[in-house]
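Observations on chain architecture
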Amino acid sequence: MINVILAIDEEDHILGGFYSDCLRDFENFKTTMCTLSYIRSNALNEASVLMTVPGGQRFVFLAYSHGSENELLSGGVTPYISNSINVTAFKGALFYTCSCSTGKKLGYSLIENECTSYIGYKEKFEIWDFNRQPFVECANYGYKLFTQGENIESIIVKMKEKYDEHIDNYTNDFFGAAHLLANKNALLALGSMDFSLKHFKA
């Protein structure tokens, strides 16, 4: 079984509703390949991350919270992962995040510190609350593809195709389509493009 850790700020006062929808989607997604553990809002801090990540083995780390160029933030304020505190804890991992701007610097720092692959966003991740479901589906889609054996290169291509699919369905909602397009254009993968489930079995 693959160890998957989901760090999620479902109680955030701005985006908690969206993160909660993503959480429910994860909980409803059935896979026999992974075991999923959680770091929720009430424990989302540097210490919890360091206590939860496994040492010396591959794992998947999912992070759904506010972010900036250099860090991931609990409550939009307190860093729980950053270039300066614990970026070395993700050696051998797939780091998959739905957060703003971490693809600018944090993603590169993770890869420089032997994280195997990063998938995230290099600009602001946009949400359109009038119809959140397409945003939830696009946010979680890459992880689901990974559990089905796709490698990082294929995942990015298919994530962008999923964005296009929803953009095409937003013909009567210009703002929703524009937000989805912005997210598609901000999507970024770093590190090994060949990384997939097969590497967990080696």
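Check the entry above for the structure.
Residues numbered from 1 in each chain as written. Predicted model: local features only at pLDDT ≥ 70, side-chain atom pairs only at ≥ 80, totals over all residues. Heavy atoms only, no water.

Observations regarding the packing of helix H1 (residues 16–28) against helix H4 (residues 133–147)
Note the threshold: Every axis corresponds to a line fitted to the C-alpha atoms, with the helix fit spanning only the stretch in contact, and the corresponding angles, defined between N-to-C directions, vary from 0 to 180 degrees. A helix here means a DSSP run of H or I that spans at least four residues, while a strand means a run of E at least two residues long, and both kinds are numbered starting from the N terminus. For this classification, under 35 degrees means roughly parallel, over 145 means roughly antiparallel, 65 to 115 means roughly perpendicular, and everything else is oblique. With the far helix as reference, a near helix turned anticlockwise by less than a right angle produces a left-handed crossing, and one turned clockwise produces a right-handed crossing. Only heavy atoms enter the contact rule, under which two residues are in contact if any of them lie within 4.5 Å. Charged residues are taken to be Asp, Glu, Lys and Arg, nonpolar residues to be Ala, Val, Leu, Ile, Met, Phe, Trp, Tyr, Cys and Pro, and polar residues to be all remaining types, Gly included.
At a closest axis distance of 10 Å, the pairing of H1 and H4 adopts a crossing angle of 45°. Considering the angle they form, H1 stands oblique to H4. Relative to H4, the crossing made by H1 is right-handed. Contacts from Phe18, Asp21, Cys22, Asp25 and Phe26 of H1 reach H4 at Phe135, Val136, Ala139, Asn140, Tyr143 and Lys144. Classifying every residue of the contact of H1 with H4 by side-chain character gives 7 nonpolar, 1 polar and 3 charged.

Observations concerning the sheet that holds strand E5 (residues 71–74)
Worth spelling out the cut-off: A pair of strands is considered paired only if DSSP assigns at least 2 bridges between the two.
Taking strand neighbours across the sheet as the criterion, the 3 strands line up as E4-E5-E6 in an open arrangement whose pairing is antiparallel. Edge positions in the sheet fall to strand E4 (66–67) and strand E6 (78–82), since each has one partner strand and no second. Direction of pairing for E4 relative to E5: antiparallel, over a ladder of 2 bridges. Pairing of His66 across the sheet is with Leu73, part of E5.

Description of the packing of aromatic side chains
Selection criterion: In this analysis, rings of Phe, Tyr and Trp, with Trp reduced to its six-membered ring, are considered paired at centre separations within 6.5 Å, and the interplanar angle assigns stacked below 30 degrees, edge-to-face beyond 60, and tilted for intermediate values. Here, a charge over a ring means that NZ of Lys or CZ of Arg falls within 6 Å of the ring centre while also lying within 35 degrees of the ring normal.
Counted according to the given criterion, the structure contains 17 aromatic pairs. Centroid distance Phe29 to Tyr143: 6.3 Å. Interplanar angle 70°. Geometry classified as edge-to-face. Within this pair, whereas Phe29 is found in the loop between H1 and strand E2 (34–39), its partner Tyr143 is found in helix H4, the two being separated by 114 residues in sequence. Here the aromatic cluster, defined as three or more aromatic residues joined through ring pairs, consists of Phe59, Phe61, Phe90, Phe95 and Tyr118. A cation over an aromatic ring shows up here: Lys162 above the ring of Tyr141, its NZ or CZ 4.8 Å from the ring centre.

In short, geometric facts, not functional conclusions.
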